[in-house]
Amino acid sequence: MEESAAEQKGRKKGFRLAKKSSRMSGESSTSTRELNSSSLETMETEQKKKKSLPVIPWMRDPVDISRYDPLPVDSLPFLDSRLKKALHNMGISSLFPVQVAVWQETIGPGFYQRDLCINSPTGSGKTLAYALPIVQKLSTRFIKCLRALVVLPTRDLALQVKEVFDALAPAVGLSVGLAVGQSSIADEIAELIRKPTLDAGIWFDSEYVPPELRSAVDILVATPGRLMDHINNTMGFTLEHLHYLVVDETDRLLREAYQSWLPNVLQLAYSQNQSPFPCTDDIVPTFGVLKTIRSFSRGKPHPRLAKMVLSATLTQDPSKLAQLDLHYPLYLTTGHRRYQLPEHLKSFKVLCKSKLKPLYLLALLETLQGEKCIVFTSSVDSTHRLCTLLNFFDDLQIKIKEYSRLQRQSIRSKTLKAFRAGEIQVLISSDAMTRGMDVEGVKNVINYDMPPFIKTYIHRAGRTARAGQSGRCFTLLHKDEVKRFKRLLQKADNDSCPVYSVPSETMESFRSVYSRALERLKESVESEKRSKGKVKVNIKHPAVTRKKEKASFKEEESPMMK
Ligand SMILES: Nc1ncnc2c1ncn2[C@@H]1O[C@H](COP(=O)(O)OP(=O)(O)OP(=O)(O)O)[C@@H](O)[C@H]1O
């Protein structure tokens, strides 16, 4: 049997270990040589286990989410009856394991004494896992101020999460705000701040804050870019009353420190209040402005800012996690593997010749018979080209659209809406879609280009097989990519990825149109280039324009700017 380089390295390592241990136990070198393959394997497994142990001590002894059973909503202890009703209205009759585990640690006996780090597969219900306890915790408050902040990497994701809060919070009299740059800053301020006689809401005078300015929302769902805009410019926007901070898609958010949003949030939330008129959260102030007083003991604020960080691929990098300043963190993860794919996901590889790749894709789409499907490519440009090309095949029975950061938000939202409604069957997408997006009824994911990392595979594949449903992930591979792909999947302990054969006659049926479609694509790309060039010609200083265009493209590329 063929042995990969990594496997060979592992075997050698295992053997060296065997030698070392035999020296220690006084065994002869002959007995070492006689070690049979099964003991070597056991040692390799032990080695692997040790190697896969997280560096951070508190991550080594996690709460195993898979030990929790789903729990009927009606049996959930301490659940506010209004929220019970809201859950039923959402069509949720029982909670998923991650939701039960988090409830246990926040509302249940854990009583949210420790910050929570949650690593749970895609589609396992992490949004409700944090939304429900936060809304329950805030349900007894009657003074409106910003007490919970949820940060997400992209606008689409934030909109999706806000919908979940919107389904719960109003039931207990709480309001939810959104800061993602979807509307103008003035409109957003009007939604977020109650302003009796406020002009525009922008910070004119750094010394003056009218005492009547209050938050109009209890919970804010935000992307880092717009959050920083409000922190820096919006009069009356304060994080001083913040009690809960959720960092969803943590590893993604910690990768880019957009305007140092995290240290800013922590610093503002920890800021000590010097008000001579303290009042508790539950008493309406009769004088002065509403204040939350945090005392400091050993440098830690009290009441503390309780945090929850989540991902399907949570980072184990100590330096990254340190930025969150977690309080006695508790690690909750599903099973023993670091990376886990959804339980009912099946992975397949489709072997293809590179020049005919679009035809393999078309034949595969034909076999899927119009089932909702997302096709991932490696870049926004290839997304655009592939979608244009496929739409030159005139007789297709399926509707295919592109979804990428090259498009304006309004177009993207329209496409997504049509895809959700089933008016579009196939979405060709760049990695903009990979994180968190939840579209009902997506039965298949296709990696047109092989994902470069296991994390990318997990987030792409995770757009299907959500909420306990089944789903399939196909990856189109050239012969020389097969080994690399196998090694990639092994990182998620996935050894089962059979070949999926597309019917050659279906492929052949597209062949006659292929050359013509390629020609049309070439024409289309050239005409797009020309029309872009024309825009530049009309402007006096092309150098400045190019710079501006480059900057705006960069902005589009970076989700942090959303
Ligand atoms: N208790 C539940 N019962 C039924 N459906 C649920 C329940 N909880 C969540 N869902 C549904 O499961 C789907 C996935 O939930 P969610 O988007 O929160 O997953 P996730 O773990 O955050 O995934 P990802 O890592 O991809 O972001 C959603 O459509 C949601 O409505």
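Quick note: structure is the one above.
Residues numbered from 1 in each chain as written. Predicted model: local features only at pLDDT ≥ 70, side-chain atom pairs only at ≥ 80, totals over all residues. Heavy atoms only, no water.

A.B. asks: Please clarify how the pairing of strand S14 (residues 330-333) should be interpreted in this entry.
C.D. replies: Sheet faces and side chains relate simply in a regular strand, where the side chains alternate between the two faces. Residues of S14 alternate between two faces, with Leu330 and Leu332 on one and Tyr331 and Thr333 on the opposite face, all of them buried. In terms of strand pairing, strand S4 (residues 116-119) meets S14 through four bridges, oriented parallel. Paired with Leu116 across the bridge in S14 is Leu330. (Buried < 20%, exposed > 50% of the residue type's maximum accessible area, 1.4 Å probe, protein only. Helix = DSSP H or I, 4+ residues; strand = E, 2+ residues; numbered from the N terminus. Pairing = 2+ DSSP bridges.)

A.B. asks: What should I look at first to understand the packing of aromatic side chains in this one?
C.D. replies: Here a ring pair, both rings aromatic, is described through the centre-centre distance and the interplanar angle of the planes. Using the criterion set out here, one finds nine aromatic pairs in the structure. Their ring planes at 75° and their centres at 6.4 Å tell us that Trp58 and Tyr331 sit as a pair that is edge-to-face. Pair noted here: Trp58 is in the loop between helix H3 (37-52) and strand S1 (63-64) and Tyr331 is in strand S14, with a separation of 273 residues, a long-range link. Among the residues examined, Trp58 registers a relative accessible area of 24% and is labelled partly exposed. The exposure class assigned to Tyr331 is buried, which follows from its relative accessible area of 3%. Plain terms: the ring middles of Phe393 and Phe510 are 5.9 Å apart, the flat faces sit at 85° to each other, and that makes the pair edge-to-face. Of this pair, Phe393 sits in the loop between helix H14 (380-390) and strand S17 (400-403) while Phe510 is found in helix H18 (residues 504-537), placing the two residues 117 residues apart along the sequence. When the ring centre of Phe111 is taken as reference, the NZ or CZ atom of Lys137 above it lies at 4.5 Å. Above the ring of Tyr448, the side-chain terminus of Lys357 is found at 4.7 Å from the ring centroid. (Phe/Tyr/Trp six-rings, centres within 6.5 Å; stacked < 30°, edge-to-face > 60°. Lys NZ or Arg CZ within 6 Å of the ring centre and 35° of its normal.)

A.B. asks: Help me out: how do you make sense of the site of the ligand in this one?
C.D. replies: Ser94, Gly123, Lys126, Thr127 and Asp438 are the nearest of the 18 residues found near the ligand. One nitrogen or oxygen atom from the side chain of Asp438 is found 2.6 Å from an oxygen atom belonging to the ligand. Notes on the ligand: free accessible area 640 Å², of which the protein chains cover 81%. Breaking the shell around the ligand down by element, the ones donating at least two residues are strand S3 (94-95) and helix H6 (126-138). Residue classes in the shell around the ligand are distributed as five nonpolar, eight polar and five charged. Per-domain counts for the shell around the ligand show at least three residues from each of domain 1 (57-196 + 212-273 + 291-333) and domain 2 (345-518). (Near = heavy atom within 4 Å. Polar contact = N/O pair within 3.5 Å; in protein donor to acceptor, adjacent residues only side chain to side chain. Areas by Shrake-Rupley, 256 points an atom, 1.4 Å probe, with all protein chains shown as cover. Nonpolar A, V, L, I, M, F, W, Y, C, P; charged D, E, K, R; others polar. Domains from an automatic or database assignment.)

These values are about where atoms sit, not about what they do.
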